[in-house]
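# Geometric and topological summary
Here are the chains, one letter per residue:
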Amino acid sequence: MGSEKYDDSLNCQQSYPQKHKILENQRLKRHIATPNQASNLNPQTLTYPINVLVNLPVHANISGPLTYLHETSLEAGTLVRVPFGKTEVLGVVWVGVVEKPKAPQTHNSEASEKGAKGEVREENDPAQQSAQKSPSIVLKHISSVIEGIPALNPQWLELVGFAAGYYQRSLGEMALQALPPQLRDLDATQIARRLKKSQSKSQHKTHNSAPDNLPSLSPAFNREGLQIKPTATKAPSALIENHHDLTHEQLNALEVIERQTGAFLIFGNTGSGKTEVYMRRVQATLAADPKAQVLVMVPEINLTPQLEERFKTRFAGLLNAHGSSAIVCMHSAMTPAQRLQSWLAAHSAVARIILGTRMAIFASLPHLKLIVVDEEHDPSYKQQEGARYSARDLAIYRAKQLGIKVILGSATPSLESWHHAQTTPGSAQPPRYHLINMPSRIGQAQMPKVQIIDLNLQPRGTVFSNQLLEAIKDRVQRDEQVLILLNRRGYAPVLHCRDCDWKSACLHCSAFRVFHKVDRTLRCHHCGVVERVPRHCPSCGNADISPLGKGTEQLEELLAELLQGVRQPNGQAMNILRIDADSTRLKGSLNHQLAQVHSGEVNILVGTQMIAKGHDFRKITLVAALYPDAALFSSDFRAPERLFSLLLQAAGRAGRDALLAPTRQSEMWIQTQYPDHPLFQALRHYDYTAFATQQLLEREQGYLPPFSFQALIRADARSQSDAQLFLNSAREHAEQVLLDIRSQRANSKASWLSVEPTLYPAIPMTLQRIANIERAQMLIECGSRLMMQEFLKHFQGRLQALQPQFKGVVRWVVDVDPLTI
Ligand code: ADP
Ligand code: ZN
Ligand code: ZN
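These lines cover the structure that appears in this document, whether it is placed above or below. Note on numbering: residues in each chain are counted from 1, in written sequence order. Numbering of ligands from 1 and lettering of chains from A proceed in the order in which they are written. Totals for whole chains, interfaces and linings use all residues, but because this is a predicted model, local features are given only for residues with pLDDT of at least 70 and pairs of side-chain atoms are given and counted only at 80 or more. With hydrogens and water excluded, all non-hydrogen atoms of the structure serve as input to the side-chain values.

## Brief notes about the environment of Leu590
Secondary structure elements follow DSSP: runs of H or I no shorter than four residues count as helices, runs of E no shorter than two count as strands, and numbering proceeds from the N terminus. In this fold, Leu590 is placed in helix 16 (residues 589–598). Using a relative accessible area of 11% as the deciding quantity, one classes Leu590 as buried. Once the C-alpha coordinates of Leu590 and Asn302 are considered, the two residues, 288 residues apart in sequence, prove to be 7.9 Å apart. Setting aside residues up to four positions removed in sequence, Leu590 forms contacts with Asn302, Ile579, Thr584 and Met610. Partly exposed residues are those whose accessible area sits between 20% and 50% of the maximum for their type, while under 20% is buried and over 50% is exposed, using a 1.4 Å probe and protein chains only. When checking whether two residues touch, look at their non-hydrogen atoms; a contact exists if any pair is within 4.5 Å.

This is the structure:
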């Protein structure tokens, strides 16, 4: 059963698609064609064929780089603008041998025409698809080379190449999407202006080297004065402003990280001082190498301001020495201009500490020496559209590629990471990750005591049991804060007519429209349709239509009612604040609301999972989860893992203030109909290990990840049967695909070649219809990552070829290592 006997690591070179293998360093460093290759051209117009990646969002096996001409050869990774259809777009010079261009260079456009019916083909340009096979279109010239920005380095190109291959996307899409949008949108002159600005922003005097038009072959970043000079005056310790005495666990963690190489998993309780460990390691890394850059990732945009503040306070010395660009953020809530600024700072190695969300994994970091992935278990690290990459997994890849350390941290590691940090019984192999335990919370702070309320013993329809309500009152009256967690925004998930049983179904989705009382609307959270609440039942005219179920809005209202008259110790009325996607729609509103909580103004905080993660609320001593049960019986095998992690994270918000905690035991309340469920029992003792062990056993028996590898092919179509028929027809080719793979490698003895992928019949997705599009999926499971990769690569071709026969199919996508099934 164990898949370990195959090389199943994400890093395995073999899984790297063959055609990207040309990415050998020396070839990357140099130009892609030699002058004598082009020498059969008119010497007056000596040109070089250059492979350029542009954003062609098509699958990997269709679109490689396009070929353009230029008067000089260009270093791979050089940014250029090229004509593309009627417009001009940003391109990245790619490596690759362009065979002898036959003058006049022409080539055929068959590949792109064939592609014109594929997945995202609208954007496809009948332009210059791969030069090799050529006879009919004249190749176009590169319009301009973007000056002042050194070429992206070979490691970056390789990362992008790997990601494209692994996640089954086109190279061009991967590469171009990994760059800041403004870089794609601005022309060369505008970019030059930005560069100037960013250079004057960084405190360094730029030595005025004459701008050379030819991209230099010297190592990147020695040019244009973008390089950082090590400041000898700043001793490493001067970079640190604030010293804590480290705990034994923190010291141990740092020692292990210092001594060992590779990947580390810090299994550390919330508030155990993990962030402190990250900061210390960052400091050590920067101290050891005057040019070093470090990347610290967090899952949520909301968590970046807090992290930024901590790092900026801690590394004030670094900011003083190197200017404000020494620490930059990267996330999608930044303006395009800010993103470009950060990117340039990172790319030019001015930024030393890069804090960001998943997108930051693609930052160009020429001196990257350390990666930290905080809350590594968080599903937000997986991109859910377009190229569905996992930033956590790519962090592991990138660290291995560069031979640097990567630290994953979590109180509830993903079961994949946990598995990789365990010694396999009977195996002589050390685990893939070094496991570091940090079970104790800083100071006296203890985890809250878990109180489980059996809803079966409560009157029907109970929202707050009396015990819980009393506990809440008690906390408020002592000026402590309460957090109520309910993962459902809006007032009620459904509006209902009791007479005729009408429900507020969305006409376009297989979902209900949610009742929002504040603006009296019915909103579909999937397709976004908004409508005013009808006065009468649309079906029978009954005036008495009522909300079914509870959302955060209603909880807020209900609590205010139930706790009427409850006062804070200072005699003032109590404050309830709701934080969810609705309350924080306006820019800046979340920060404002969080500040209200931190200042102590708020007594009770009601919210969705948004507030459960990461925030360092000091005065919260009671956390309550109201309806956690749905996840226990989900069809998604990861639902329990997510629930456990959410509840533990939420519990971690309580009792963080060590000064408050010794006198007052904090509490975590759970109201459930399944009080004896093993998940709650494990939670009661905060026993992640027991939970993980039991879950992994189930996964192993069910041959589920991490014991097998999965991919989902999803099809969107006009009708459910179209979608399923398409997938099932493709499935019939699986046998042949396998035969092809094996016959291509007839001489190979690789053990993975014998592993069979399993293709399950297509089924409707849980959310079957969104915005009138029917959705179906087909699950593929395989015991070998290599075989999965190889299989998908070939299988895509079949899907590509089949699609034209299925007119109703709108699009299809591949999700490798999907997180939701
Ligand atoms: P985690 O990241 O594991 O949740 P943090 O690093 O945020 O934990 O630490 C929790 C709190 O404890 C923070 O307020 C931090 O400043 C403080 N802290 C961390 N390490 C120490 C230490 N060695 N001594 C005292 N306080 C510490
Ligand atoms: Zn009705
Ligand atoms: Zn809808």
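## Quick look at the coordination of the zinc ion (ligand 3)
Taken together, Cys506 (SG), Cys509 (SG), Cys524 (SG) and Cys527 (SG) make up the full set of protein donors to the zinc ion (ligand 3), lying 2.3 Å away. Every donor counted, the four donor atoms about the zinc ion (ligand 3) form angles of 106 to 114° at the centre, which fits tetrahedral coordination. As a rule, N, O and S atoms within 2.8 Å of a metal are its donors, except that Na, K and Ca use 3.2 Å; water is not among the atoms, so sites may look incomplete. In terms of primary sequence, the donors binding the zinc ion (ligand 3) are separated according to C-x2-C-x14-C-x2-C. Since its relative accessible area comes to 4%, Cys506 is described here as buried. For Cys509, a relative accessible area of 2% corresponds to the buried category. Every geometry call rests on angle ranges, with four donors termed tetrahedral when all angles are between 85 and 135 degrees, four termed square planar and six termed octahedral when opposite donors are over 155 degrees apart and all others are between 65 and 115, and everything else termed irregular.

## What to know about the coordination of the zinc ion (ligand 2)
Distances from the zinc ion (ligand 2) to its protein donors, namely Cys497 (SG), Cys500 (SG), Cys537 (SG) and Cys540 (SG), fall within the range 2.2 to 2.4 Å. Taken together, the four donor atoms coordinating the zinc ion (ligand 2) and their angles of 105 to 113° define a geometry best described as tetrahedral. Spacing between the donor residues of the zinc ion (ligand 2) along their common chain follows C-x2-C-x36-C-x2-C. Of the two residues, Cys497 sits in strand 15 (residues 494–497) while Cys540 sits in the loop between strand 18 (530–532) and strand 19 (545–548), which places them 43 residues apart along the sequence.

## Section: the nonpolar core
Side chains that are nonpolar tend, in soluble globular proteins, to be buried together. What makes a nonpolar core is a set of buried Ala, Val, Leu, Ile, Met, Phe, Trp, Tyr and Cys residues whose side-chain atoms join them at distances within 4.5 Å. In this structure, Leu79, Leu179, Phe362, Ile713 and Phe795 are the most contacted members of the largest nonpolar core, which totals 143 residues. Not counting chain neighbours up to four residues away, the residues in contact with Ile713 comprise Leu727, Ala776, Gln777, Met778, Ile780, Leu792, Phe795, Leu799, Trp812, Val813 and Val814. Grouped together as the second largest cluster of nonpolar side chains are 33 residues, Val277, Leu286, Leu303 and Phe311 included.

## Observations regarding the packing of helix 17 (residues 639–651) against helix 19 (residues 688–701)
Packing of helix 17 against helix 19 leaves a shortest axis separation of 11 Å and a crossing angle of 170°. The angle between helix 17 and helix 19 falls in the class roughly antiparallel. In contact with Pro640, Glu641 and Phe644 of helix 17, helix 19 contributes Tyr688, Phe691, Gln695 and Arg699. Any residue that is not Ala, Val, Leu, Ile, Met, Phe, Trp, Tyr, Cys, Pro, Asp, Glu, Lys or Arg is counted as polar, Gly included; the first ten are nonpolar and the last four charged. Here the contact of helix 17 with helix 19 is composed, by residue class, of four nonpolar, one polar and two charged. Every axis corresponds to a line fitted to the C-alpha atoms, with the helix fit spanning only the stretch in contact, and the corresponding angles, defined between N-to-C directions, vary from 0 to 180 degrees. By definition in this entry, angles of less than 35 degrees are roughly parallel, angles greater than 145 are roughly antiparallel, angles of 65 to 115 are roughly perpendicular, and the rest are oblique.

## Comments concerning helix 3 (residues 154–166)
In this analysis, the expected span of each helix is defined as 1.5 Å times one less than the number of residues it contains. Under the 1.5 Å per step criterion, the end-to-end length of helix 3 is 18 Å for 13 residues, consistent within 8% with the ideal 18 Å. Of all 13 residues that make up helix 3, twelve are buried, and the element is covered over most of its length. Of the residues making up helix 3, those classed as buried are Pro154, Trp156, Leu157, Glu158, Leu159, Val160, Gly161, Phe162, Ala163, Ala164, Gly165 and Tyr166.

## Structural notes on the sheet that holds strand 12 (residues 433–438)
We treat two strands as partners when DSSP finds at least two bridges between them. Reading across the sheet, the seven strands line up as 8-9-7-10-11-6-12 and stay open at both edges, with parallel pairing between neighbours. Looking at the sheet topology across the chains shown, the edges are occupied by strand 8 (327–330) and strand 12. Sheet twist, expressed as the average angle between the axes of neighbouring strands with direction ignored, equals 20°. Note that strand 7 (residues 293–297) and strand 10 (residues 368–374) share five bridges and pair parallel. The residue bridging Leu295 from the neighbouring strand is Ile371, located in strand 10. Packed on one face of the sheet, helix 9 (residues 304–314) meets strand 7, strand 8 and strand 9 (353–356) and runs near 165° to strand 9. Contacts from helix 11 (residues 336–347) reach strand 7, strand 8 and strand 9 within the one sheet, and its direction differs from that of strand 8 by about 125°.

## Some thoughts on the pattern of salt bridges
Two side chains carrying opposite charge are able to pair once their charged atoms lie near each other. Here, a salt bridge means any side-chain nitrogen of Lys or Arg that lies within 4 Å of a carboxyl oxygen of Asp or Glu. Under the counting rule described, the total for this entry stands at 35 salt bridges. The partner of Glu531 in a salt bridge is Arg513, and the shortest N-O contact between them spans 2.8 Å. With a gap of 18 residues between them, Glu531 in strand 18 and Arg513 in the loop between strand 15 and strand 16 (514–516) connect regions that are remote in the sequence. A relative accessible area of 8% means that Arg513 is categorised as buried. Between Arg699 and Glu641 there is a salt bridge, with the nearest N and O atoms lying 2.7 Å from each other. Taken together, the residues Arg699 in helix 19 and Glu641 in helix 17 connect sequence positions 58 residues apart. With a relative accessible area of 1%, Arg699 lands in the buried category.

## Quick word on the packing of aromatic side chains
Here the aromatic set is Phe, Tyr and Trp, taking the six-membered ring for Trp, and pairing holds for ring centres within 6.5 Å; pairs whose planes are under 30 degrees apart are stacked, those over 60 apart are edge-to-face, and all others are tilted. Under the counting rule described, the total for this entry stands at 14 aromatic pairs. Arranged with centres 4.8 Å apart and planes meeting at 80°, the rings of Tyr166 and Tyr167 form a pair that is edge-to-face. When the centroid spacing of 4.9 Å and the interplanar angle of 80° are considered together, the rings of Phe362 and Tyr389 count as edge-to-face. Here Phe362 is found in the loop between strand 9 and strand 10, whereas its partner Tyr389 is found in the loop between strand 10 and helix 12 (391–402), with 27 residues between them in sequence. Grouping aromatic residues by their ring pairs yields a cluster made of Phe267, Trp418, Phe644, Tyr688 and Phe691.

## Some points on the side chain of Arg339
Within the secondary structure, Arg339 is located in helix 11. Charge counting follows a simple rule: Lys and Arg are positive, Asp and Glu are negative, and His as well as the terminal groups are ignored. Despite its burial, Arg339 pairs with no opposite charge; the closest candidate is Asp185, at 9.5 Å N-O. Arg339 has contacts with Pro180, Pro181, His331, Ser332, Met334 and Met359, leaving out every residue within four places of it along the chain.

## Some thoughts on the site of ligand 1
Residues are labelled near a given molecule or strand when at least one of their non-hydrogen atoms is within 4 Å of it. In the vicinity of ligand 1, 18 residues are found, and the nearest of them are Asp245, Gln250, Gly271, Thr275 and Arg310. Pairing of N or O atoms within 3.5 Å defines a polar contact, subject to two protein rules: one partner must be a possible hydrogen donor and the other a possible acceptor, and residues neighboring in sequence count only if both atoms are side-chain atoms. At 2.6 Å from an oxygen atom of ligand 1 is found a side-chain nitrogen or oxygen belonging to Thr275. Here ligand 1, which alone exposes 550 Å², has 80% of that area covered by the protein. For the shell around ligand 1, the element with the highest residue contribution is helix 8 (residues 274–288), accounting for three residues. We get accessible surface area from the Shrake-Rupley algorithm with a probe of 1.4 Å; when it comes to residues, only the shown protein chains can shield them.

## With respect to the sheet that holds strand 18
Spatially, the three strands line up as an open sheet ordered 16-17-18, and their pairing is antiparallel. Each having just a single partner strand, strand 16 and strand 18 make up the two edges of the open sheet. Taken pair by pair, the neighbouring strands of this sheet meet at an average axis angle of 30°, ignoring direction.

## Some words on helix 20 (residues 720–731)
In this model helix 20 runs 17 Å from its N-terminal to its C-terminal C-alpha over twelve residues, within 8% of the 16 Å that 1.5 Å per residue would give. Buried-residue contacts for helix 20 involve strand 24 (709–717), helix 21 (734–744), strand 26 (763–770), strand 27 (773–782), helix 22 (785–802) and strand 28 (809–816).

The values reported here are purely geometric and, on their own, carry no functional implication.
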